[in-house]
Amino acid sequence: MTFDILFLLFIQFVLPVVFSFSLWKGKVHSKLDWLLQATMTSLLILWLFFSSPWDLFSYYLRFLILVFFIAAVFLSWKKVNKLTFKTEFNLSQKISMVIYGLLILVFGYYNVSTFSGFSTNMKAVQLDFPLHDGVYYVGQGGSHVQINYHHAHESQAYAVDIVKLNALGSRATGIYPNELDKYEIFGDELTSPCTGEVVQAENDLADLVPPNADPKNAAGNSVVISCEGVEVLLAHMQEGSVRVQSGDRVEVGEPIGLVGNSGNTSEPHLHIHAEKDGKGVPIEFDGRFLVRNSIVW
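Residues numbered from 1 in each chain as written. Predicted model: local features only at pLDDT ≥ 70, side-chain atom pairs only at ≥ 80, totals over all residues. Heavy atoms only, no water.

Asks: Would you mind going over the pattern of salt bridges with me for this structure?
Replies: Two side chains carrying opposite charge are able to pair once their charged atoms lie near each other. Within this structure, the stated rule accounts for five salt bridges. A salt bridge links R171 to D55, with the shortest nitrogen-to-oxygen separation between them at 3.9 Å. Linking R171 in the loop between strand 3 (160–165) and strand 4 (189–191) with D55 in the loop between helix 2 (31–51) and helix 3 (61–80), this pair joins segments that are 116 residues apart in sequence. Here the two residues R171 and D55 agree in accessibility, since each one is buried. Note that K164 is salt-bridged to D188, the shortest N-O span being 3.2 Å. (Salt bridge = Lys/Arg side-chain N within 4 Å of Asp/Glu carboxyl O. Helix = DSSP H or I, 4+ residues; strand = E, 2+ residues; numbered from the N terminus. Buried < 20%, exposed > 50% of the residue type's maximum accessible area, 1.4 Å probe, protein only.)

See the structure below:
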């Protein structure tokens with residue numbers, strides 16, 4: 001495993017389990033002490049539940065972490081129910097409480113940032129979802145960098161990255177396989193999300209073996225459709241699969257190609273965004289503003 005994967009494993013599983021177990025079995029001196037620990041742990045898990053990408057291991061594990069924490073709160077409350085709200089604390093206990101207080105502020109800020117990315121005040125372009133055969137998961141999406149790193153780039157501010165989940169809730173067979181066909185979404189058919197004119201199409205770039213990427217051709221094999229007053233880009237398509245050319249008229253739902261792994265991409269997925277005059281425009285699929293951890297059946 002790479003360092004990034006090990007770090008994600010530590011953040012997603014080790015920290016929540018350790019803090020929840022400590023809340024359950026650890027020694028507390030008052031209800032105030034317990035309340036600080038419970039609040040900090042709840043904010044940490046809430047942040048991870050909504051903002052962390054869960055497709056690497058399993059989408060469904062996020063619910064197990066949440067259930068374990070709720071059980072820890074219930075069981076630990078029995079232990080502290082007879083304690084007073086406040087008591088005399090020694091220096092080390094006071095330091096611990098200050099640390100918990102600071103962590104509450106940090107994870108509180110992270111949660112506010114995450115939830116602020118769940119909507120936008122800008123009018124969204126209405127599109128049809130371009131994938132139709134499976135359970136699809138949003139890895140990047142929303143209006144804040146906490147849940148969508150694209151938001152830092154003006155033209156891609158509301159871009160959405162989509163993968164497909166298998167029965168175990170993972171986007172691939174294995175953590176980070178080299179074989180493209182082990183990624184669930186690879187080869188899935190893409191259809192036009194709107195009716196309009198193709199203004200750009202690329203079809204001849206090679207599909208790359210992860211983690212190789214092609215930053216010189218960022219979108220890879222791709223299609224740009226002018227519709228709804230914006231230009232919609234569908235990127236990282238499979239070599240030789242693009243069925244349309246510049247100047248073609250396409251109808252919503254019309255097949256345009258297959259999902260691949262071309263361009264500046266770490267693994268097979270669909271990148272889609274809309275822009276107008278070089279600036280990203282919010283998009284909704286069938287009325288939904290998709291954010292990280294959204295599921296489309």
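We are not done yet, so read on.
Asks: I keep staring at the packing of helix 2 against helix 4 (residues 91–116) and nothing clicks. Help me out?
Replies: The angle between the axes and the distance between the axes are what describe a pair of packed helices. Two elements in contact, helix 2 and helix 4, have axes separated by 9 Å at closest approach and are oriented at 30 degrees. Relative to helix 4, the element helix 2 lies roughly parallel. Considering the relative orientation of helix 2 and helix 4, their crossing is left-handed. Between helix 2, through L32, D33, L36, Q37, T39, M40, L43, L44, L46, W47, F50 and S51, and helix 4, the contact on the second element is made entirely by M97, Y100, L103, I104, F107, G108, Y110, N111, T114 and F115. (Axes fitted to C-alpha atoms, helices over the stretch in contact; angles between N-to-C directions. Parallel < 35°, antiparallel > 145°, perpendicular 65-115°, else oblique. Left-handed = near helix turned anticlockwise from the far one by under 90°. Contact = heavy atoms within 4.5 Å.)

Asks: Explain the pairing of strand 3 to me, please; I cannot follow it from the model alone.
Replies: Every other side chain in a regular strand lies on the same face of the sheet, so the side chains alternate between the two faces. For strand 3, a buried count of six out of six residues is recorded, marking the element as mostly surrounded by other parts of the structure. As defined by bridge partners, strand 2 (residues 135–140) adjoins strand 3 across five bridges and the pair is classed as antiparallel. Residue V138 lies in a different strand from strand 3, and its bridge partner there is I162. As paired elements, strand 3 and strand 10 (residues 270–276) share three bridges and run antiparallel to each other. Residue V160 lies in a different strand from strand 10, and its bridge partner there is I272. (Pairing = 2+ DSSP bridges.)

Asks: What is the right way to look at helix 2 in this model?
Replies: Every α-helical turn comprises 3.6 residues, leaving residues that sit three or four positions apart pointing alike. With 21 residues, helix 2 extends 30 Å between its outermost C-alpha atoms, agreeing within 8% with the 30 Å of an ideal straight helix rising 1.5 Å per residue. Two to three positions downstream of the cap, the backbone nitrogen of L32 sits 3.3 Å from a side-chain oxygen, assigning the N-cap of helix 2 to S30. (Expected span 1.5 Å × (residues − 1). Polar contact = N/O pair within 3.5 Å; in protein donor to acceptor, adjacent residues only side chain to side chain.)

Asks: Where do I start with the packing of aromatic side chains in this structure?
Replies: Centre-to-centre distance and the angle between the planes together describe a pair of aromatic rings. For the structure shown, the criterion picks out 18 aromatic pairs. Here the aromatic rings of F129 and F285 are separated by 5.5 Å at their centres, their planes lie at 85 degrees, and the arrangement is edge-to-face. Taken together, the residues span a long stretch of sequence, with F129 in the loop between strand 1 (125–127) and strand 2 and F285 in strand 12 (residues 283–285) at a distance of 156 residues. Accessibility expressed as a relative area gives 6% for F129, which makes it buried. Look at F285 and you get buried, because its relative accessible area is 3%. Note that R62 overlies the ring of F49, its terminal NZ or CZ placed 3.8 Å from the centroid. The side chain of R62 reaches across the aromatic face of F63, ending 5.2 Å from its centre. (Phe/Tyr/Trp six-rings, centres within 6.5 Å; stacked < 30°, edge-to-face > 60°. Lys NZ or Arg CZ within 6 Å of the ring centre and 35° of its normal.)

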